[in-house]
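# Structure assessment
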Amino acid sequence: MDTIDRLEAIEAIRQLKARYFRAIDTKDWAALAAVFAPGAEMDMTGEGSGVTRGAAAIAEYVRTCGIEPAETVHHGHNPEITITSDTAATGIWPMEDMLRWPEGTFALRTMHGYGHYHETYIRVDGVWLIQTLRLSRLRVDVEPA
Amino acid sequence: MDTIDRLEAIEAIRQLKARYFRAIDTKDWAALAAVFAPGAEMDMTGEGSGVTRGAAAIAEYVRTCGIEPAETVHHGHNPEITITSDTAATGIWPMEDMLRWPEGTFALRTMHGYGHYHETYIRVDGVWLIQTLRLSRLRVDVEPA
Amino acid sequence: MDTIDRLEAIEAIRQLKARYFRAIDTKDWAALAAVFAPGAEMDMTGEGSGVTRGAAAIAEYVRTCGIEPAETVHHGHNPEITITSDTAATGIWPMEDMLRWPEGTFALRTMHGYGHYHETYIRVDGVWLIQTLRLSRLRVDVEPA
C-alpha cells in the first residue's frame, strides 16, 4: 500500500473508533453494531466476561452488560495503528471509561477504569470495520451500590 | 478535493482545535480569538448560556464566563472530521473539562464535565477556522462554593 | 518537505509518542529507551527534578523517579506537531497523569496532574525519535502517604 492510501486508512480507522465511542456514550446501538464486521469478536475475558461473536450480538452484549442504565463516558487517546495489507490492520488504543449508575439499576455505583484496546480491522467493500477487540486494564476502581 | 488535500485539511483542523484548548487553559485570549472566523458563532445554550457571535466577542465571553479566575483543563479526544468542500468542514469532538475556582471568585468550587463539541469550519485565505461551535453534555458534576 | 511526507512524519511522531506512553504505563523500560534519540534530553526542572541526558539514562530516570512501584496512567491528547525540516520537528502535547502508590513504597499516596509536553524530534536513519522533552503543568494534586 502506498503512503497516501496508508494515511487514508489510518484516518478512516481513527474515525471508526470515534464512532464506536460516541455510539456507546449516546446509547445508539444500531450505530454501535455498524462499526463491527459481520464476523467480529469482542473478547471481554479480562473483565470477567466472555467472548461475543457477530456485530449485532456485540452491540446487544454492550447494551446489556450494565451500560444501558448508566451515565457513561468512554475516551480513546492517541493510537498505534498499523496497516498490514490492503484490507487488514491492527491498533492499540489507550482508553479511560467512567460509569455511574442510578440507585437500584446495577450492582455498582461507579466504575472508573483505564487500559488499552487491542484491535484488528478489516476492510469490507472499501469500508474499515472492527474485526476483533480485546480490552486489557491498567487500573479499575469501583464503588459498590 | 483529492485525498492528500483532504488529509492535510483534517490535520490542520486537528491542530486548530489543539490551539483552541491550549489558548483556554493558558488564558491566552488573543490566541483564542485567532482560532475563530470573523463571523463565528458559539452556542452555549446547553450550558444555560446563549449564543455569542464574532471571534473577539467569543474570546471575551469565554474569559468572562468564569474561566479567567479558574484553574482549567480542557481535553479533546479522537475526533470525527468530515471535509465537505474546499473551504468547509464539520467535526465532532469528545471532550472533558475540569475547572476549580479559588475561594471567593465564583459560585462554584469545581466543575467536571464530559460531552461533545459539534463544530463547523471554514477556510479563509487558506487557513481553517472555527465557524460554529455547540457543546452537548454527557455528564456534568459541580460542587458549590 | 512535500505534503505527503509531512503528513507521514506527523503520523510517525504521533505513534512514537503513543509508544512512549504505553512503555511507561506497562513498565517496559527497554521500549521507553527506544523512543529517545541517543543524545536526548528530558527536562523535569518544572517537577522539582533536573535534566537527564541520553536515552538509557532517561529510561532509568523515569523508572527510579517513583514510577516503578506505582500504578500509572499517562494520556496524551490532540497534539500540535510542526515539521521544521526533513529531519527535525517540534510538538506540544496536552497530557494527564494519574499515579497511585501501594503503602510503604513512596512519599505520596496519589498524584494527579495535567499539563503540556513541549518536545523536539529528530529523524535518525529514517526513524523519528524524541530529542528533547520538557513538561509544564496546569495543575497538580497530590495526597501524601
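Residues numbered from 1 in each chain as written. Chains lettered and ligands numbered in written order. Predicted model: local features only at pLDDT ≥ 70, side-chain atom pairs only at ≥ 80, totals over all residues. Heavy atoms only, no water.

### Remarks on the interface of chain C and chain A
The interface of chain C with chain A comprises 21 residues on the first partner and 20 residues on the second. For the pair chain C and chain A, the two sides together bury roughly 1,900 Å², of which 56% comes from carbon and sulfur. It is Gln15, Arg22 and His75 of chain C in chain C that bury the most area against chain A; as a group they hold 27% of the surface buried on that side. Arg14 of chain A is the partner of Glu11 of chain C in a salt bridge, and the nearest nitrogen-oxygen pair spans 3.2 Å. Summed over the shared surface of chain C and chain A, the number is eight residue pairs in polar contact (both at pLDDT 80 or more). With eleven residues, the top contributor of residues to the side of chain C that touches chain A is helix 1 (residues 3-25) of chain C. (Contact = heavy atoms within 4.5 Å. Buried area = accessible area lost by both parts, 1.4 Å probe. Salt bridge = Lys/Arg side-chain N within 4 Å of Asp/Glu carboxyl O. Polar contact = N/O pair within 3.5 Å; in protein donor to acceptor, adjacent residues only side chain to side chain. Helix = DSSP H or I, 4+ residues; strand = E, 2+ residues; numbered from the N terminus.)

### Quick look at helix 1 of chain C
All names here are of chain C. With 23 residues, helix 1 extends 33 Å from end C-alpha to end C-alpha; this agrees with the ideal 33 Å at 1.5 Å per step. Sitting at the head of helix 1, Asp2 places a side-chain oxygen 3.3 Å from the backbone nitrogen of Ile4. Within two residues after helix 1, Lys27 carries a phi angle of roughly 55 degrees, on the positive side. (Expected span 1.5 Å × (residues − 1).)

### Describing the interface of chain A and chain B
Taken together, the 21 residues of chain A in the interface contact 20 residues of chain B. Taking both partners together, chain A and chain B bury about 1,900 Å²; carbon and sulfur atoms supply 56% of that area. Counting the contacts that link chain A with chain B gives four salt bridges. Between Glu8 of chain A and Arg6 of chain B there is a salt bridge whose closest N-O contact spans 3.2 Å.

### With respect to the relation of the copies chain A and chain B
The transformation that overlays chain A on chain B combines an axial shift of 0.0 Å with a rotation of 120 degrees, and the residual RMSD is 0.0 Å. Seen this way, the second copy is the image of the first under a three-fold rotation axis. Among all residues of chain A, the one whose C-alpha sits closest to the rotation axis is His77 of chain A, at a distance of 3.6 Å. Little of the interface of chain A is mirrored in chain B, where only 19% of its interface residues are also at the interface. (Least-squares fit on C-alpha atoms with pLDDT ≥ 70 in both.)

### Looking at the pattern of salt bridges
A side chain of one charge can pair with a side chain of the opposite charge when the charged atoms of the two come close. A full pass over the atoms with the stated rule returns 39 salt bridges over all chains. Here Asp97 of chain C ties to Arg137 of chain C by a salt bridge, and the two come within 3.0 Å at their closest N and O atoms. Residue Asp97 of chain C is found in strand 5 (residues 88-100), and its partner Arg137 of chain C is found in strand 7 (residues 127-144); the two are separated by 40 residues along the sequence. The exposure class assigned to Arg137 of chain C is partly exposed, which follows from its relative accessible area of 24%. Among the charged side chains, a salt-bridge network with shared partners connects Glu71 and Arg100 of chain A together with Arg139 and Asp141 of chain B. (Buried < 20%, exposed > 50% of the residue type's maximum accessible area, 1.4 Å probe, protein only.)

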